[in-house]
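Here's the letter readout for the chains.
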Amino acid sequence: MEFKRSVCPHDCPDTCGLLAGVDGGRVVSVRGDPDHPFTRGAVCVKVGHYPERIYSPLRITTPLRRTGKKGEGSFARISWDEALEEIASRYSHISKAYGPEAILPYSYAGTMGLVHFHGGHAFFHRLGATRLKRTICSSTVEAGFAATVGKMPTTDIESTVESDLIIIWGSNTISTNMHAWPFFLEARRKGAIIAVIDPYTNRTARQADIHLKIRPGTDAALALSMMNVLAGEGLLDRAFIDSQTIGFEELKSRLPGYSPALAEGITGIAASSTKEIARLYGKARAPYIRLGWGPGRQLRGAMAVRTIAILPALVGAFRKRGGGITRSTSAAFDMNLSPLTREDLGKKGVRSVNMVELGKVLTNLDNPQIMAMHVYHSNPAVVAPDSKMVMKGLSREDLFLVVQEHLMTETALFADLVLPGASFLESTDLYRSYGHYYLQMAKPVIEPVGEARPTLRIFQDLARRMGFKEDCFSMSEEEFIKEMLKTDSPYLEGISYDDLEEGRPIRVRVPENPFESGFKTPSGKVEIYSRTMADLGLDPLPDGSPSVDVEGIGKYPLQLITPPRHQFLNSTFNEIDDLRDQAGRPTIMIHPGDAEARGIKGGAEVRVWNDRGECFLIADVTDRTAPGVTVIEGLYWPRFMVGNLGINSLTSQRLTDMGKSCAFHCNLVEVAESK
Ligand SMILES: Nc1nc2c(c(=O)[nH]1)N[C@H]1C(S)=C(S)[C@@H](COP(=O)(O)OP(=O)(O)OC[C@H]3O[C@@H](n4cnc5c(=O)[nH]c(N)nc54)[C@H](O)[C@@H]3O)O[C@H]1N2
Ligand SMILES: Nc1nc2c(c(=O)[nH]1)N[C@H]1C(S)=C(S)[C@@H](COP(=O)(O)OP(=O)(O)OC[C@H]3O[C@@H](n4cnc5c(=O)[nH]c(N)nc54)[C@H](O)[C@@H]3O)O[C@H]1N2
Ligand SMILES: [Mo]
């Protein structure tokens, strides 16, 4: 057996270096690369099962044409030529009859590899298709953080070994960013305290020293009440505030409304606990925050995130070795993507739609109506909110649906044509990270299974059939990667294609403390007062009003959050029997008091519903969650759920305050035993 280097392509901050064991042309094992400074030899339970995914009985190995009804899953094998000819001819006809905006690409982060992630962009720009705003995940957190700090690299997780207080704020690190955890443990061995701020006792909270069980959607109020204590008890870093922030005087007028006692009524956190965490934060030598995506998946999520991001400024943590805040590291990888994405090929004024609103887009949009959708690197039947409306759209008889996939997913079941996609182990790509500072290139370690093809190649072939002649439709992965390095970004200085081609991770040139030379806001300072927000008609100062599911208020009593499950990655890895066995049946956590009030016994099947839809789960009666709060971990494929109903039947298409993302953790529901 031979071990070949590769890189995990999945949407996860850790972007692991991998070693794939290959025997007789087949992948037989996938391990973490011990030489990768962040992976350090460990692989998650999901990716450790990769050979089962590559050779899954559900793997699509040839192009397929639908033979039965939509959703039924009857397909017949066809050739690539037939499939691509048919798509090219349908797209041409639709463009002529309705205009190219009647065609919609729908893709997200099935692969994070830069070439293939962007592999369809030039094609759809050239075609003049409706543009997709790819907002389903991080755009709220990004916008909120940028309003306070700017769009810039953030604290290197590797540096947190020097911290003495680690606050994990709305991230289930052990499940979703597991390679950060050993760095936090190293800090703990040297005396650091680990605190978790999360509505339920997730795997990470179980291991923490302190857990603040915050009511979902109330992070801004908690952060403000910590500020109230810091200011009231003289724990501020005045020198930093005076020189590096704007708006502190205006902020002060807001703080009296958020005494720990008043905030308790909003956050559900005892005043004494708020005081304790604020004092620890104010007195720590190097306080550090790992900011997760959870606080952003709320209708007022950007406000929450921007308020949390002010805390490190008030105590000067931005300048303390081992302290600071990590949101994302991706701003350090400022690659030249334009030769690949070819924005210039797009026509001016082409409309765009928000991917969160897919249900509405497929069922309500006019002028022109969407007549064809091309899905790749995503599984909207499972991951998009408001499933009932999404399914109504996917079931439309007059919608021509193309799905490029590895596996026969719920979305693929509705396709008119299915195209077999090659996986990362079967293609070349370049990977940046959003959790560490290493760039790495990977080449195929096996031949594609069956007739699978990489995304870029599929779109290039289609482009040629449509008569598109630009260079980008014939360049190779390697050529695009070389173009990507042609940038004047200081972070990428000195990185050559030859270095990357060796396949080892290469560290980008981020200063030890990315905040040392200031902030990327319009003022160059931490903006406690944000003119940008004022210009958008938003409150320019932090505000602690909670996020509520406005569609359910007064009708449904229980809050519902839907965070990731340890064994799946969004809807990926559902196909692996062993992982589903480990994950167990889909459950909803409900507090013993709420269960008792409804006569619900642990282990019973319950119906969970609101105006948007319903689904059926097993009741997990537990004080891991708080009164009034229910938790469903993870995205099971509907086929593994009662009634074929996934949990996104319960979530809303309503958009967040900034970044216009989805409020996946902002739902109101009712629960009852179903029989
Ligand atoms: N195993 C596994 N790993 C993954 C993923 C997966 O599905 N499974 N998904 C990947 C992707 S795409 C992403 S974006 C990341 C996401 O990684 P995370 O940031 O860990 O995921 P989130 O869904 O944002 O939820 C994080 C935590 O926020 C909590 N939370 C919910 N609402 C609130 C709130 O209002 N306030 C606070 N303070 N906390 C709240 C949830 O209970 C959860 O524990 O993980 C990646 N890694
Ligand atoms: N209720 C609820 N819903 C959520 C979330 C939540 O926390 N709660 N999380 C949200 C988040 S954070 C995100 S990022 C989105 C993620 O939503 P998606 O990006 O749709 O993520 P996945 O479910 O992983 O689906 C990716 C699909 O792409 C396919 N794929 C992977 N690589 C390739 C490739 O190279 N070629 C081709 N052709 N196909 C490929 C995989 O087989 C898989 O079916 O889901 C969101 N949905
Ligand atoms: Mo995500």
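Residues numbered from 1 in each chain as written. Chains lettered and ligands numbered in written order. Predicted model: local features only at pLDDT ≥ 70, side-chain atom pairs only at ≥ 80, totals over all residues. Heavy atoms only, no water.

Draft legend 1. Quick look at the site of ligand 2. Taken together, 30 residues lie near ligand 2, and Arg53, Ser378, Glu405, Ser571 and Thr572 sit nearest. At 2.9 Å, a backbone N or O of asparagine 379 approaches an oxygen atom of ligand 2. About the coverage of ligand 2: the protein hides 95% of its 920 Å² of free accessible area. Its residues assigned to classes, the shell around ligand 2 comprises ten nonpolar, 16 polar and four charged. For the shell around ligand 2, the domains that each give at least three residues are domain 2 (64–136 + 337–422 + 451–472) and domain 4 (558–673). (Near = heavy atom within 4 Å. Polar contact = N/O pair within 3.5 Å; in protein donor to acceptor, adjacent residues only side chain to side chain. Areas by Shrake-Rupley, 256 points an atom, 1.4 Å probe, with all protein chains shown as cover. Nonpolar A, V, L, I, M, F, W, Y, C, P; charged D, E, K, R; others polar. Domains from an automatic or database assignment.)

Draft legend 2. The pattern of salt bridges, seen in detail. Going through the model one piece at a time under the given rule, you end up with 40 salt bridges. A salt bridge links glutamate 575 to arginine 53; the nearest nitrogen and oxygen atoms lie 2.8 Å apart. Taken together, the residues glutamate 575 in the loop between strand E22 (558–561) and helix H24 (577–583) and arginine 53 in helix H1 (residues 50–54) connect sequence positions 522 residues apart. A single salt-bridge network, built from bridges that share partners, covers Asp81, Glu85, Arg453, Asp461, Arg464 and Arg465. (Salt bridge = Lys/Arg side-chain N within 4 Å of Asp/Glu carboxyl O. Helix = DSSP H or I, 4+ residues; strand = E, 2+ residues; numbered from the N terminus.)

Draft legend 3. Geometry of the environment of threonine 62. With respect to the secondary-structure elements, threonine 62 resides in the loop between H1 and strand E4 (64–66). A relative accessible area of 8% places threonine 62 in the buried class. The spacing of threonine 62 and valine 449 is 387 residues in sequence and 9.4 Å in space, taken between C-alpha atoms. Those residues in contact with threonine 62 that lie beyond four places of it in its chain are Arg77, Val418, Pro420 and Glu451. (Buried < 20%, exposed > 50% of the residue type's maximum accessible area, 1.4 Å probe, protein only. Contact = heavy atoms within 4.5 Å.)

Draft legend 4. Representation of the site of ligand 1 within the structure. Looking at ligand 1, there are 34 residues lining it, with Thr176, Asp198, Gly217, Asp219 and Phe568 nearest. In this structure, an oxygen atom belonging to ligand 1 sits 2.9 Å away from a side-chain N or O atom of asparagine 202. In this structure, glycine 217 approaches ligand 1 through a main-chain N or O atom, which is 2.8 Å from an oxygen atom. Look at ligand 1: alone it shows 920 Å² of surface, and the protein chains cover 98% of it. A per-class count over the shell around ligand 1 returns 15 nonpolar, 13 polar and six charged. Both domains that meet at the shell around ligand 1, namely domain 3 (140–327) and domain 4 (558–673), each give it at least three residues.

Draft legend 5. Looking closely at the sheet that holds strand E15 (residues 372–376). Sheet architecture is open: six strands sit in the order E5-E4-E17-E16-E15-E6, paired in mixed fashion. Two strands close off the open sheet at either side, each with one partner strand: strand E5 (75–77) and strand E6 (103–107). With strand direction ignored, the average angle separating the axes of adjacent strands in the sheet is 20 degrees. Here E15 pairs with strand E16 (residues 400–405) via five bridges, running parallel. Looking at the pairing, methionine 373 lines up with leucine 401 of E16. Across the sheet, helix H20 (residues 455–465) is in contact with E15, E16 and strand E17 (417–420); its angle to E15 comes to roughly 150 degrees. (Pairing = 2+ DSSP bridges. Axes fitted to C-alpha atoms, helices over the stretch in contact; angles between N-to-C directions.)

Draft legend 6. Structural detail: the packing of helix H9 (residues 219–232) against helix H13 (residues 271–283). The N-to-C vectors of H9 and H13 enclose an angle of 65 degrees; their axes lie 9 Å apart at closest approach. As H9 packs across H13, the resulting crossing turns out to be right-handed. Where H9 approaches H13, its residues Leu222, Ser225, Met226, Val229 and Leu230 are matched on the opposing element by Thr274, Lys275, Ile277, Ala278, Arg279, Tyr281 and Gly282. Of the residues that constitute the contact of H9 with H13, the class distribution is seven nonpolar, three polar and two charged. (Left-handed = near helix turned anticlockwise from the far one by under 90°.)

Draft legend 7. Local environment of the side chain of asparagine 667. Topologically, asparagine 667 is positioned in strand E27 (residues 667–673). A distance of 2.9 Å separates a polar side-chain atom of asparagine 667 from the backbone oxygen of phenylalanine 664. Every residue in contact with asparagine 667, bar those within four places of it in the chain, is listed here: Asp549, Leu558, Gln559, Leu560, Thr562, Arg612, Leu650, Thr651 and Ser652.

Draft legend 8. Main features of the pairing of strand E24 (residues 605–610). With five of six residues buried, E24 lies mostly within the body of the structure. Two elements, E24 and strand E25 (residues 613–621), share six bridges in a ladder whose sense is antiparallel. The partner of glutamate 605 across the bridge, within E25, is isoleucine 618. Hairpin connection from E24 to E25: two residues lie between these consecutive antiparallel strands. Summarising the sheet, E24 and E27 pair through four bridges and their orientation is antiparallel. In the strand pairing of E27, valine 608 is matched with valine 671.

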